[in-house]
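Residue-level structural notes
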Amino acid sequence: MKVILVDDEPHARQALKHLLSSYEEINLVAECENGLIAVKAVHELQPEVIFLDIQMPKLDGFDVLELLGNAAPLIVFVTAHDEYAIQAFENNALDYLLKPVSKERLASTIERITSRLSAPADPLLKTRSLVENHQQTLAPINRILVRDKGDVFVVATSDVIAIEAADDYVVIHTPESKLVKQERLGNLEKLLDPRLFCRIHRSSIINLDYLAGIETEGKDTRFANLKNGLQLVISRSGYAKLIQVL
């Protein structure tokens, strides 16, 4: 099985690499010192398993998992903190290892991995649930992570002009570009600051700081004119929300 190690601490990577070297079935294809490199490595190498540190600067383990989305292979979280294991993993399909990793605990993990890969079940539902639960603890968020193939963009919510729904994706408008993220609009709405963002339609959310004005056409048709020139339809319920927060 192809395996990637992700940890910002060189000695932690070396220790786990040494333990894994005794398993003939393990083919270590990459070691990554941060989450950004990890996302690119998964895109390029398509491993079956990632041993993923949770606490890392800039992009932590949960950020990596979010960015990988449906492309995420089997994840084994590695953490030095018991509370993560207790709160997040005991009842989840994902496995975890506590640092320092012991030979006995790793052996148990390898058995689980082998079993799951030989009779794979879809882990994505519980993976999404884990990410969403973690995101809720951070709300309101101040950044949105977007992966475009192997590239990662970290967008400050203050730079988001509007977000539009596109099936299971959203289009994020910023002053510089439009970015597509695999996410439902309703999920993002729960994470954004309601004092700054308003859902004006079932298919769009706007940043109130970028609202230039409201235009009325006919009896019931209204549009939100945004400072970048974008014009979005406002529904009746969206207009009521907008008036409430303005």
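As shown above, the structure is provided for reference.
Note that this is a predicted model, so its numbers are computed, not measured.

Glancing now at the packing of helix α2 (residues 35-45) against helix α3 (residues 61-68). Direction vectors running N to C along α2 and α3 enclose 30 degrees, while the axes themselves pass 10 Å from each other. The angle between the axes of α2 and α3 places the two elements in the roughly parallel class. When the axes of α2 and α3 are compared, the crossing they make is right-handed. Note on element contacts: α3 touches α2 through Val-64, Leu-67 and Leu-68, opposite Gly-35, Val-39 and Val-42. Its residues assigned to classes, the contact of α2 with α3 shows five nonpolar, one polar and no charged.

Attention shifts here to the sheet that holds strand β13 (residues 211-217). A sheet is described by the order of its strands in space; here three strands give the open sequence β13-β14-β15, paired in antiparallel fashion. Bordering the open sheet on either side are β13 and β15 (231-234), each of which pairs with just one other strand. Averaged over all neighbouring strand pairs, the angle between strand axes comes to 30 degrees, with direction disregarded. Both strand β14 (residues 221-226) and β15 contribute to a ladder of four bridges, which runs antiparallel. Paired with Arg-222 across the bridge in β15 is Ile-234.

Scoring rules and cut-offs
Residue positions are counted from 1 within each chain, in the order its sequence is given. In keeping with the model being predicted, local features are shown solely for residues with a pLDDT of at least 70 and side-chain atom pairs are shown and tallied solely at 80 or more, while totals for entire chains, interfaces and linings include all residues. Excluded from the side-chain calculations are hydrogens and water; all other atoms, namely the structure's heavy atoms, are used. Axis definition: a line fitted to C-alpha atoms, limited for helices to the stretch in contact. Angles are taken between N-to-C directions and run from 0 to 180 degrees. Only runs of H or I of at least four residues qualify as helices and only runs of E of at least two qualify as strands under DSSP, and these elements are numbered from the N terminus. To sort the angles, those under 35 degrees are grouped as roughly parallel, those over 145 as roughly antiparallel, those from 65 to 115 as roughly perpendicular, and the leftovers as oblique. Each crossing gets its handedness from the near helix: less than a right angle anticlockwise from the far helix is left-handed, clockwise is right-handed. Only heavy atoms enter the contact rule, under which two residues are in contact if any of them lie within 4.5 Å. Residues were grouped as follows: Ala, Val, Leu, Ile, Met, Phe, Trp, Tyr, Cys and Pro as nonpolar; Asp, Glu, Lys and Arg as charged; and all remaining residues, including Gly, as polar. The pairing criterion for strands is at least two bridges between them, as found by DSSP.

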